[in-house]
Amino acid sequence: MAIKRIELLGVPVDILQPEELEMTVLELLARPGTKQIIFLSIWDLLKARHRGEFQDCVKNADLVLPISKSIIRGANFLKKNVPVRYNPFTTVINVMSVLDNHYKSLYLLGSHKQTMLMAEQNVKDTFPNLRIVGRYNGYYNKAMEPNIIQSIYKTSPALVLLSDGVKDKNCWAFKRRNQFASSIFMYYKDALGIFSKRIKRVSEETFDKGHEVFHEVIKNPLKIFLIFPYAKYILSLVWCRLFNND
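Here is a short report on the structure shown in this document. (Residues numbered from 1 in each chain as written. Predicted model: local features only at pLDDT ≥ 70, side-chain atom pairs only at ≥ 80, totals over all residues. Heavy atoms only, no water.)

So, the packing of helix α4 (residues 69–77) against helix α12 (residues 227–243)
- Between α4 and α12, whose axes approach to 10 Å, the crossing angle comes to 15 degrees. Accordingly, the angle class assigned to the pair α4 and α12 is roughly parallel. Here α4 runs over α12; the crossing is right-handed. Listed contacts from α12 to Ser70, Ile71, Gly74 and Phe77 of α4 are Tyr230, Tyr233, Leu237, Val238 and Arg241.
- Its residues assigned to classes, the contact of α4 with α12 comprises six nonpolar, two polar and one charged. (Axes fitted to C-alpha atoms, helices over the stretch in contact; angles between N-to-C directions. Helix = DSSP H or I, 4+ residues; strand = E, 2+ residues; numbered from the N terminus. Parallel < 35°, antiparallel > 145°, perpendicular 65-115°, else oblique. Left-handed = near helix turned anticlockwise from the far one by under 90°. Contact = heavy atoms within 4.5 Å. Nonpolar A, V, L, I, M, F, W, Y, C, P; charged D, E, K, R; others polar.)

With respect to the side chain of serine 111
- Summarising the element assignment, serine 111 is placed in the loop between β5 (105–109) and α6 (113–126).
- A relative accessible area of 3% means that serine 111 is categorised as buried. (Buried < 20%, exposed > 50% of the residue type's maximum accessible area, 1.4 Å probe, protein only.)

Details of the sheet that holds β5
- On the basis of which strands lie adjacent, the open sheet formed by six strands has the order β4-β3-β8-β7-β5-β6 and parallel pairing. Edge strands, defined here as strands with exactly one partner in the open sheet, are β4 (63–66) and β6 (131–136). Across the sheet, the axes of successive neighbouring strands diverge by a mean angle of 20 degrees, strand direction being ignored.
- Strand direction decides the pairing type here: β5 and strand β7 (residues 159–162), joined by four bridges, are parallel. In the strand pairing of β7, leucine 106 is matched with leucine 159.
- Sheet strands in contact with helix α1 (residues 21–30) are β3 (33–40), β4 and β8 (182–187), and its direction is about 130 degrees off that of β8. (Pairing = 2+ DSSP bridges.)

Things to note about the environment of glutamate 212
- As for its position among the elements, glutamate 212 is in helix α11 (residues 212–219).
- We classify glutamate 212 as buried; its relative accessible area is 18%.
- Placed 144 residues apart in sequence, glutamate 212 and serine 68 show a C-alpha to C-alpha distance of 9.1 Å.
- Each residue touching glutamate 212, except ones within four places of it in the same chain, is listed here: Ile67, Arg85, Val202, Thr206 and Phe207.

Thoughts on α6
- Taking 1.5 Å of rise per residue, 14 residues should cover 20 Å, and α6 covers 20 Å from first to last C-alpha, within 8% of that figure.
- What α6 keeps buried is the set Thr115, Met116, Ala119, Glu120 and Val123. Buried residues in α6, looked at end-on, bunch into an arc of 130 degrees, giving them a common side. (Expected span 1.5 Å × (residues − 1). Arc of directions from axis to C-beta.)

Brief notes about the packing of α1 against helix α5 (residues 88–101)
- Where α1 meets α5, the closest approach of the two axes is 10 Å, and the angle between their N-to-C directions is 65 degrees. Remark: the crossing between α1 and α5 carries right-handed chirality. Listed contacts from α5 to Leu21, Glu22, Val25, Leu26 and Leu29 of α1 are Thr91, Asn94, Val95, Val98 and Leu99.

Remarks on the pattern of salt bridges
- Tallied over the full model, the rule gives nine salt bridges.
- The salt bridge involving arginine 31 is made with aspartate 62; its shortest N-O contact spans 2.5 Å. In this pair, arginine 31 is assigned in the loop between α1 and β3 and aspartate 62 in the loop between α3 (53–60) and β4, connecting sequence segments 31 residues apart.
- On the accessibility criterion, arginine 31 (34% relative accessible area) is partly exposed.
- Residue lysine 142 is joined to glutamate 145 by a salt bridge in which the shortest nitrogen-to-oxygen separation is 3.6 Å.
- Each of Lys142, Glu145, Asp168, Lys175 and Arg176 takes part in a single network of salt bridges with overlapping partners. (Salt bridge = Lys/Arg side-chain N within 4 Å of Asp/Glu carboxyl O.)

Section: the nonpolar core
- In terms of nonpolar packing, the biggest core is built from 36 residues, with Met96, Leu106, Leu161 and Phe195 touching the most fellow members.
- The element best represented in this core is α5, accounting for six residues.
- Membership of the second largest hydrophobic core comes to 25 residues, among which are Val11, Ile38, Cys57 and Val64. (Core = buried A, V, L, I, M, F, W, Y, C linked by side-chain atoms within 4.5 Å.)

As for the side chain of serine 183
- Among the structural elements, serine 183 can be located in strand β8.
- Here the side chain of serine 183 touches proline 157 through a polar contact of 2.5 Å, landing on its backbone oxygen. (Polar contact = N/O pair within 3.5 Å; in protein donor to acceptor, adjacent residues only side chain to side chain.)

Focus on the packing of aromatic side chains
- Per the counting criterion, the structure on display carries nine aromatic pairs.
- Ring geometry for tryptophan 172 and phenylalanine 185: centres 6.4 Å apart, planes at 40 degrees, overall tilted. Of this pair, tryptophan 172 sits in helix α8 (residues 171–175) while phenylalanine 185 sits in strand β8; the two residues are 13 residues apart in sequence, bridging distant segments of the chain. The burial state of tryptophan 172 is the same as that of phenylalanine 185; both residues are buried.
- Aromatic pair tryptophan 239 and phenylalanine 243: ring centres 4.4 Å apart, planes at 40 degrees, arrangement tilted. (Phe/Tyr/Trp six-rings, centres within 6.5 Å; stacked < 30°, edge-to-face > 60°.)

Next up, the structure:
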């Protein structure tokens, strides 16, 4: 595959040119077993620096796409190969377009029932060749999980799109990776909300400027305290630059 993997503060980040996305998705599909695409924010990167399940999840992911401008700047500051920054929802659309062009299948998991129904209909309207072979709401009772896993295993969709209401988020597929046949798993919290038009997506202009964090702070003012882990990130970059230690 046309992927070059670097490490930023010990966390893997992939360099993938947008024009190579289709070929990469098709190559992933051709491989057996559970595959995973992760959208890596700066906060995810900081979390993945610490030993634990999330670190293992990121390190074992087949494709780690950076979505924060701070990651791009960090790679540049440390004089590494600079990755391409991806807009998560635009990337979801592009991946689904590839699958639609090749008459593949999709499983939806997450959100509330009404949101799921609206999102499913809009996905069908937008991607007429993409077969939805199953769906299940998020926020489900733990007792229902074996049925969900069995459903995904039996239908073996090309893509399982996970959204809000999936407790383990990115780690959901990683923790259960040995229970599926052959699917790509991709988690994006707002995916079904945007597809149902219940959530307004961040504009391309705002995303390109790296200002999407301000929208998050407006929705949740407590996120202003993310300034402290961000300061730690900057200090870690400076330390690595001074002592050539990543």
